Amino acid sequence: MRRATKTLAGVAAGVGTAYWLMMSPYSQLFGPFPYRGRGGGRTVALTFDDGPNEPYTSQLADYLDGEGITATFFQVGRAVQRHPEVTTRLADAGHVIGLHGYTHDFTQYLRRETLADELERGLDAFAEVGIRPALYRPPWLLRIPALHGLARKHGLQLVSGEFCHPLEVAQPSPERIARLAVRVTRPGSMLIFHDGRDGKGGPRAATVESVKLVVDGLRAKGYTFTTADQLLGVPAYSRTAE
């Protein structure tokens, strides 16, 4: 019994270590993976992963545009192909569009060959709407040793962030998401929300409502809003396809 307990504890420790090294927002093991912008001003970036996903991405755009806030949307290539007009609308409004892979299939990000294919197919999907992102956030924040070299090859800046709430993807109440998001925000934070689910859609009404509460709460604390590229001092796009 004692040996089994030790074995389970060892396995749990190994899994925890692997998660920290390869999927934590903060690990820098394989190279720079910025999770917060430089500088001490009360400025924050709202970022959204896994979209576009209708009607929720457009609902967020309606709200953000009405508030004069530009955000950063890390989008999945195949979702862009389903909703190209949403991506175009966001870019035209001044929001920054980043790459978030092509399929959001976990197994595709574990080997160099499949990861390379994900990056190339994802960039091809954005080229169809005339966009060439220079920002890349890996799905699940998953990094392997080959990632930095492949990112450099494609002129991509890796971007991490800090989760607004660890259960936001499961859609707890907007108030619950917002309370923690406001509490964890620091100057330069890049808050991660999800306007989609693995590039496949899914309900995100709680996220939409929570963003409104977060904006109110952070403004009350003196925060202003910008995009991830501005916080990091890097280009948002490598080039724009004709």
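Residues numbered from 1 in each chain as written. Predicted model: local features only at pLDDT ≥ 70, side-chain atom pairs only at ≥ 80, totals over all residues. Heavy atoms only, no water.

**Comments concerning the overall build of the protein chain**
1) Next: Of the regular secondary structure elements, the protein chain holds nine helices and ten strands.
2) Next: For the protein chain, whose C-alpha radius of gyration is 18 Å, the value lies close to the compact-globule estimate of 18 Å for 242 residues.
3) Next: Principal-axis analysis of the C-alpha atoms gives the protein chain an extent of 60 × 40 × 35 Å.
4) Next: Of all 242 residues assigned to the protein chain, the portion counted as buried reaches 52%.
5) Next: Within the protein chain, contacts between residues at least 6 apart in sequence are counted, and of these 76% link residues at least 24 apart.
6) Next: As presented, the protein chain carries roughly 10800 Å² of accessible surface, and 55% of it is formed by carbon and sulfur atoms.
7) Next: Across the protein chain, 28 positive and 24 negative side-chain charges occur, with their mean positions spaced 12 Å apart. (Helix = DSSP H or I, 4+ residues; strand = E, 2+ residues; numbered from the N terminus. Rg over C-alpha atoms; globule rule 2.2 N^0.38 Å. Buried < 20%, exposed > 50% of the residue type's maximum accessible area, 1.4 Å probe, protein only. Contact = heavy atoms within 4.5 Å. Areas by Shrake-Rupley, 256 points an atom, 1.4 Å probe, with all protein chains shown as cover. Lys, Arg positive; Asp, Glu negative; His and termini not counted. Charge placed at Lys NZ, Arg CZ, Asp CG, Glu CD.)

**So, unusual backbone geometry**
1) Next: In this structure, the amide linkage connecting G51 to the following residue, P52, adopts the cis form with an omega of 0 degrees.
2) Next: You can see P52 is positioned in the loop between strand 1 (43–51) and helix 2 (56–67).
3) Next: The phi torsion at D50 lies on the positive side, around 80 degrees, for a residue other than glycine.
4) Next: The topology assignment puts D50 in strand 1.
5) Next: By relative accessible area, which is 5% here, D50 ends up buried.
6) Next: In this structure, L141 is a non-glycine residue whose phi angle is positive, near 60 degrees.
7) Next: Residue position: L141 is located in the loop between strand 5 (135–136) and helix 6 (147–153).
8) Next: Taking the relative accessible area as the measure of exposure, L141 reaches 3% and is therefore buried.

**Focus: the pattern of salt bridges**
1) Next: A complete count under the given rule lists eight salt bridges for this structure.
2) Next: Ionic pairing is found between R137 and D49, a salt bridge with its closest N-O pair at 2.8 Å. One end of the pair, R137, is in the loop between strand 5 and helix 6; the other, D49, is in strand 1, with 88 residues separating them in the sequence. By the burial criterion, R137 is buried, and D49 matches it.
3) Next: Note that E67 is salt-bridged to R219, the shortest N-O span being 2.5 Å. A residue pair is termed long-range when its members are at least 10 positions apart, and E67 in helix 2 and R219 in helix 8 (residues 205–220) qualify at 152 residues. (Salt bridge = Lys/Arg side-chain N within 4 Å of Asp/Glu carboxyl O.)

**Focus: the pairing of strand 8 (residues 190–194)**
1) Next: Burial analysis of strand 8 places five of its five residues in the buried class, the great majority of the element.
2) Next: Where strand 1 meets strand 8, five bridges bridge the pair, whose relative direction is parallel. Following the sheet pairing, T47 is matched in strand 8 by I192.
3) Next: Of the strand pairs in this sheet, strand 7 (residues 162–163) and strand 8 are connected by two bridges, and their pairing is parallel. By the bridge assignment, F163 is partnered in strand 8 with I192.
4) Next: Each parallel crossover has a hand, and the one from strand 7 via helix 7 (residues 174–184) to strand 8 is right-handed. (Pairing = 2+ DSSP bridges. Right-handed = clockwise from strand over helix to strand, strands pointing away.)

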